[in-house]
Amino acid sequence: AAPVAEAAAPAAPEPVAAPEPVVEEAAAEAEPEGHVFSIDPVLLEILKPEVAGHLETVDAWLAACAAKGPQPVTDPLLRSIHTMNGAFAMTELGVITDVTAPLEGFVKRALAHNTVPNKAGVQLVADAAAAIRTTIAAIEKPKPVLPQFDELAARALALRDSLPDALAPSVPSH
């Protein structure tokens with residue numbers, strides 16, 4: 001009777017315990033890879049319209065580029081990117097500030113030196129806007145998992161660093 005009791009004791013908990021890990025594993029596989037994130041719902045409700053408003057400015061600049069080719073960057077474009085970068089930094093959304101911070105530097109340098117971004121620069125702004133939208137969509141979910149933008153962040157850094165620093169003189173001094 002002892003071997004039967006030993007076999008029966010582990011058998012009873014197994015059906016209850018076994019499905020739970022399987023469900024957790026299936027849920028983990030279904031979720032996109034990335035950093036699990038939590039944001040205060042009130043902060044999210046403030047962030048969403050602020051970002052949406054600034055993305056309108058970015059979209060207008062991108063539309064002008066699509067219609068007429070690469071356009072000079074503008075003060076409103078820089079202010080929009082700067083404000084979004086700050087808002088994301090305050091909410092500790094490092095995955096997107098890794099993109100927006102060097103993007104802000106790129107736009108600031110282009111503006112300071114009257115440099116019209118090339119196609120790669122325009123594409124960077126477009127890809128960053130898409131990444132911002134992806135991030136907002138991700139943090140609106142019940143269990144937010146932040147997407148990763150490592151390649152985009154590297155491109156933003158490279159393009160920023162391809163321009164002279166904003167504080168450097170744009171005309172050589174004699």
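Scroll up a little and you will see the structure.
Residues numbered from 1 in each chain as written. Predicted model: local features only at pLDDT ≥ 70, side-chain atom pairs only at ≥ 80, totals over all residues. Heavy atoms only, no water.

Trainee: What is the right way to read the overall build of the protein chain from this model?
Mentor: If you tally the helices and strands in the protein chain, you get 8 helices and 2 strands. The secondary structure elements of the protein chain, listed N-terminal to C-terminal, are α-α-α-β-α-α-α-α-β-α. For the protein chain, the residues scored as buried account for 34% of the 174 residues in total. Counted over contacts in the protein chain with a minimum sequence separation of 6, partners at least 24 positions apart contribute 77%. Total accessible area on the protein chain stands at roughly 10,200 Å², and carbon and sulfur atoms take up 62% of it. (Helix = DSSP H or I, 4+ residues; strand = E, 2+ residues; numbered from the N terminus. Buried < 20%, exposed > 50% of the residue type's maximum accessible area, 1.4 Å probe, protein only. Contact = heavy atoms within 4.5 Å. Areas by Shrake-Rupley, 256 points an atom, 1.4 Å probe, with all protein chains shown as cover.)

Trainee: Help me out: how do you make sense of unusual backbone geometry in this one?
Mentor: One non-glycine residue, E92, lies in positive phi territory at about 60°. Even without being a glycine, N114 presents a positive backbone phi close to 50°. Following the sequence through the fold, N114 ends up in the loop between α6 (94–112) and α7 (119–139).

Trainee: What exactly am I supposed to notice about α7 here?
Mentor: Along an α-helix, a turn takes 3.6 residues, which lines up residues three or four apart on a common side. An ideal rise of 1.5 Å per residue puts 30 Å on 21 residues; α7 measures up with 30 Å between its terminal C-alpha atoms. Within α7, the full set of buried residues consists of G121, V122, L124, V125, A128, A129, A131, I132, T135, I136, A138 and I139. Check the buried side of α7 and you find it contacts α4 (41–68), α5 (75–90), α6, β2 (145–146) and α8 (150–161). Where α7 begins, the capping side chain belongs to N118, and its oxygen is found 3.0 Å from the backbone nitrogen of A120. (Expected span 1.5 Å × (residues − 1). Polar contact = N/O pair within 3.5 Å; in protein donor to acceptor, adjacent residues only side chain to side chain.)

Trainee: What exactly am I supposed to notice about a nonpolar patch on the surface here?
Mentor: On the surface, a cluster of nonpolar side chains totalling about 270 Å² of accessible area is made up of V42, L43 and I46. Take L43: it is sitting in helix α4. (Patch = residues over 30% accessible without salt bridge, like charges linked within 9 Å, V, L, I, M, F, W, Y side chains within 5 Å. Salt bridge = Lys/Arg side-chain N within 4 Å of Asp/Glu carboxyl O.)

Trainee: Please explain the pattern of salt bridges as it appears in this structure.
Mentor: Charged atoms that come close allow side chains of opposite charge to pair. All chains considered together, the criterion is met by 9 salt bridges. Its salt-bridge partner being E140, residue K48 comes within 3.0 Å of it at the nearest N-O pair. With K48 in helix α4 and E140 in the loop between α7 and β2, this residue pair connects regions lying 92 residues apart in the sequence. On the basis of relative accessibility, which here comes to 25%, the residue K48 falls in the partly exposed class. Where R155 meets E151, a salt bridge forms, and the shortest distance between an N and an O atom there is 2.8 Å. Taken together, the residues span about one helical turn, with R155 and E151 both in helix α8 at a distance of 4 residues. Here R155 falls in the partly exposed class, since its relative accessible area comes to 27%. Residue classification places E151 among the exposed residues on the basis of a relative accessible area of 51%. Residues participating in the shared-partner salt-bridge network are R109, R160, D161 and D165.

The values are spatial; any link to function lies outside them.
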